[in-house]
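Architecture and fold: a report
Given next are the chains, with one letter for each unit.
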Amino acid sequence: TPQIKIENSQIKENTTRHHSSKMSSTDQPQNALEISEVASTFMEEDNFFHVMDVDNIDVDQCKKHSPPPTLTVKLTPKYDEIGLKSKNKGTAQICATIKANEISDDDSARAPVDVVVVLDVSASMARKKLALCKKTLELLLRELRPKDRFGLVTFSDEAKIEIPARKLNDANKQAALRTIMSIKSRRGTNLSGGIGMGAKEMHAIEEPNSVRSIFILTDGHVNKGIRDHEGVVELTKGCIGTNADDDTVAPMTVHTFGYGTRHDENLLRDVSQATSGGTYYFVESDSDVSSAFGDAFGGVLSVVAQNVVLSISAPPEAKLIMVHHENKTKKEDSSYVVKLGDLYAEERRDVIFEVTLRSDENISEEVQGIPHANATLSYLDTVEGKLVDEDTVTANIARPDNTTISAPNPSVAVQWLRTCATYGMEEADQLSQRGDLKTARAKITLLLQKLRRE
């Protein structure tokens, strides 16, 4: 995601991601639908009436100039051609690649956001740590627009709403800045209280924006409120994941920041994964606070799609064997849906899956382009503020009556190896935890041999 670095008193976008300047939406030609809607529109100017001449409109040309979709999906098989008489008799790997379009450099083009910061103000955060956090919040606050909302919850022994979540007109922004500067450290670390209060404040927003995030920063172990790991994680899921299956309400993401070496890394990582799209940051030193916040904040500002769902199916002559993704769900008709959460501008996701190779009689005369899988994409376009269902795309594999196997697609081959490596390492890890180190090492050795062969 684009990173926002804080240097002195300004926020700069990291140049690791290139955003080229594009025409604004007002410069773009109207699309065919818009033209058809205004085809009978009369425009009055002085004493003359003008009627649009729709007979000479080139609709195809208008479509060419329509803005591209926010997300695109493409299906690519590992092998474009697998002969019926080849050694590969069983399965084929296919990769679904989802790409997000870039967004304009114009800040007004992004979706409005709701951000609630949950800040640890225990005694260990006093002085320099808290001062840096205040400065960071001040700089981030200045980046938000009037349509954005900002709220601040602090926690020590108890949680307290310092700034109610509200839109940032000039008066609210100045009041928020004064409140941030007046915050003082207190005592214990009641993380569960802070999470609960932050989620409550976010849920209290009557007409939430399409992008909503909670930032949690702490430097120590929990010593107040709910203290056990599982209890805090379940509380987070219960408070923040309430609307996970409600497409009418934008989901919330959680970004956690562990300050220094004394915090519970595993707890904060699991809290950030309570909902899809969250991240955990290890803030090693004082100077890292601003860059960590800036990185997460830059991601929030560049969200272009939410509730992204990939649907994968196979024609009757083929069969989906497995979709290799942790958020997959198999349906009664043997198709799969994969929940991908949020996508950022210019982000790419790859989902690898396996299907059986077709060898039915319907392909005897069709050596080119035999359908083996279909995919559709649905999501909430946060920039346009609308639900989108993309057209179906198809993966084709040629099945000539010979022994030919085409060269593998390099990108899909890499994704397949990544999947194999993940499974192999997980299995070896489980074996080692059971004390079977010899078998675990053998698994890793075989995996390395396979990777080298590929």
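Look up a bit, the structure's there.
Presented here is an overview of the structure given in this document. Starting from 1, residues in each chain are numbered consecutively following that chain's sequence as written. With pLDDT at 70 or above as the cut-off, local features in this predicted model cover only qualifying residues; side-chain atom pairs require 80 or more to be listed or tallied, and sums for whole chains, interfaces and linings still use all residues. To get the side-chain values, all heavy atoms of the structure are used, and hydrogens and water are removed first.

Under the scheme used here, helices are H or I runs from DSSP no shorter than 4 residues and strands are E runs no shorter than 2 residues, and both carry numbers assigned from the N terminus. Looking only at helices and strands, the protein features 10 helices and 20 strands. Only protein chains enter the accessibility calculation, which uses a 1.4 Å probe; a residue is then buried when its area is under 20% of its type maximum, exposed when over 50%, and partly exposed in between. Per-residue burial over the protein gives 45% buried out of 454 residues. A fraction of 76% describes how many contacts in the protein between residues 6 or more apart in sequence connect residues 24 or more apart. Of the roughly 23900 Å² of accessible surface on the protein, 48% is carried by carbon and sulfur atoms. We call two residues in contact whenever any of their non-hydrogen atoms come within 4.5 Å of each other. Note on areas: Shrake-Rupley with a 1.4 Å probe; residue coverage comes only from the protein chains shown.

With that settled, consider the sheet that holds strand 9 (residues 159–167). Any two strands are treated as partners once DSSP identifies two or more bridges connecting them. Read from one edge to the other, the open sheet built from 6 strands follows the order 9-8-7-10-11-12, with strand pairing classed as mixed. Looking at which strands have only one partner, the edges of the open sheet turn out to be strand 9 and strand 12 (279–283). Going across the sheet, the axis of each strand differs from the next one's by a mean of 15°, ignoring polarity. Bridge analysis of strand 7 (residues 113–120) against strand 8 (residues 149–155) gives 7 bridges, and the strand direction is parallel. By the bridge assignment, Leu119 is partnered in strand 8 with Thr154. Relative to strand 9, helix 4 (residues 170–182) is tilted by about 160°, and along the sheet it contacts strand 8 and strand 9. As a rule, the C-alpha atoms of each element are fitted with a line to give its axis, helices using only the stretch in contact, and angles between N-to-C directions run from 0 to 180 degrees.

Counted residue by residue, strand 16 (residues 336–344) has 8 buried out of 9 residues, so it is predominantly covered. Here strand 13 (residues 303–313) pairs with strand 16 via 7 bridges, running antiparallel. If you follow Leu310 over to strand 16, its bridge partner there is Val338. Where strand 15 (residues 328–330) meets strand 16, 3 bridges bridge the pair, whose relative direction is antiparallel. Across the sheet, Lys330 pairs through a bridge with Tyr336, a residue of strand 16. Where strand 15 folds back onto strand 16 in an antiparallel hairpin, the turn is made up of 5 residues, including Ser334, whose phi is positive at roughly 75°.

Another point: empty space enclosed by the protein. With a 1 Å grid laid over protein atoms only, a set of points is called a cavity when a 1.4 Å probe fits there but cannot get out and a pocket when it is open yet has protein on both sides within 12 Å along at least five of seven lines; lining residues have an atom within 4 Å of a point. Grid points are joined across faces, edges and corners, and a volume is the space filled by probe spheres set on the points. Applying the stated criterion to the full structure yields 1 cavity of 30 Å³ or more. Estimates place the volume of the largest cavity at around 40 Å³. Forming the boundary of the largest cavity are Val211, Arg212, Ser213, Thr253, His255, Val300, Val303, Gln306, Asp342 and Tyr344. Of all the secondary structure elements, the ones that give two or more residues to the lining of the largest cavity are strand 10 (211–218), strand 11 (252–259), strand 13 and strand 16. The element contributing the most residues to the lining of the largest cavity is strand 10, with 3 residues. Classification convention: Asp, Glu, Lys, Arg as charged; Ala, Val, Leu, Ile, Met, Phe, Trp, Tyr, Cys, Pro as nonpolar; all other residues, Gly among them, as polar. Within the lining of the largest cavity, the residues separate by chemical class into 4 nonpolar, 4 polar and 2 charged.

Time to look at helix 7 (residues 265–272). The set of residues buried in helix 7 consists of Leu267, Leu268, Val271 and Ser272. Axial view of helix 7: buried residues confined to an arc of 130°, hence all on one face. Packing partners of the buried residues in helix 7 comprise helix 5 (191–203), strand 10, helix 6 (229–240), strand 11 and strand 12. Of the residues flanking the start of helix 7, the one acting as N-cap is Asp264, its side-chain oxygen 3.4 Å from the backbone nitrogen of Asn266. For this quantity, the arc is that covered by the directions from the helix axis to the C-beta atoms. Counted as a polar contact is a pair of N or O atoms within 3.5 Å, where, for protein atoms, one must be capable of donating a hydrogen and the other of accepting one, and residues adjacent in sequence contribute only when both atoms are in side chains.

Read across the open sheet, the 4 strands follow the order 5-6-17-14; overall the sheet is antiparallel. Each edge of the open sheet is held by one strand with a lone partner, namely strand 5 (71–77) and strand 14 (320–324). On average, each strand axis in the sheet is tilted by 20° relative to the strand beside it, whichever way the strands run. Two elements, strand 14 and strand 17 (residues 348–356), share 4 bridges in a ladder whose sense is antiparallel.

A few words now on helix 8 (residues 288–301). Along its 14 residues, helix 8 runs 20 Å from first to last C-alpha, staying within 8% of the 20 Å computed at 1.5 Å per residue. Among the 14 residues of helix 8, 12 are classified as buried, and the element is accordingly described as predominantly covered. Of all the residues in helix 8, the buried ones are Val289, Ser290, Ala292, Phe293, Gly294, Asp295, Ala296, Phe297, Gly298, Gly299, Val300 and Leu301. What a helix is expected to span follows from its residue count: subtract one and scale by 1.5 Å.

The buried fraction of strand 11 amounts to 8 of the 8 residues, a majority that puts the element mostly inside the structure. Taking every second residue as pointing to the same face, both faces of strand 11 are buried, with Met252, Val254, Thr256 and Gly258 on one and Thr253, His255, Phe257 and Tyr259 on the other. For strand 10 and strand 11, the ladder comprises 7 bridges, and the chain directions are parallel. The residue bridging Ile214 from the neighbouring strand is Val254, located in strand 11. The pairing of strand 11 with strand 12 spans 5 bridges and is parallel.

For Phe, Tyr and Trp, where Trp contributes only its six-membered ring, two rings pair if their centres lie within 6.5 Å, and the inter-plane angle classes them as stacked under 30 degrees, edge-to-face over 60, or tilted in between. Under the criterion given, the structure shown has 4 aromatic pairs. Aromatic side chains Phe215 and Phe257 sit 5.7 Å apart centroid to centroid with 55° between the ring planes, which places their arrangement in the tilted category. Of this pair, Phe215 sits in strand 10 while Phe257 sits in strand 11, and the two are 42 residues apart along the sequence. Look at Phe215 and Phe293: their rings are 5.8 Å apart centre to centre, the planes differ by 65°, and that puts the pair in the edge-to-face class. Residue Phe215 is found in strand 10, and its partner Phe293 is found in helix 8; the two are separated by 78 residues along the sequence. Exposure class is identical for Phe215 and Phe293. Each is buried. Site record: aromatic cluster; members linked through ring pairs are Phe215, Phe257, Tyr281 and Phe293.

Quick look at a nonpolar patch on the surface now. Patches draw on residues past 30% relative accessible area with no salt bridge. Two like charges within 9 Å are joined, as are two nonpolar side chains (Val, Leu, Ile, Met, Phe, Trp, Tyr) within 5 Å. Salt bridges are counted wherever a side-chain nitrogen of Lys or Arg sits within 4 Å of a carboxyl oxygen of Asp or Glu. The grouping of Met425, Ile444 and Leu448 at the surface amounts to a nonpolar patch, some 240 Å² of accessible area in total. For Met425, the position within the fold is in helix 9 (residues 410–433).

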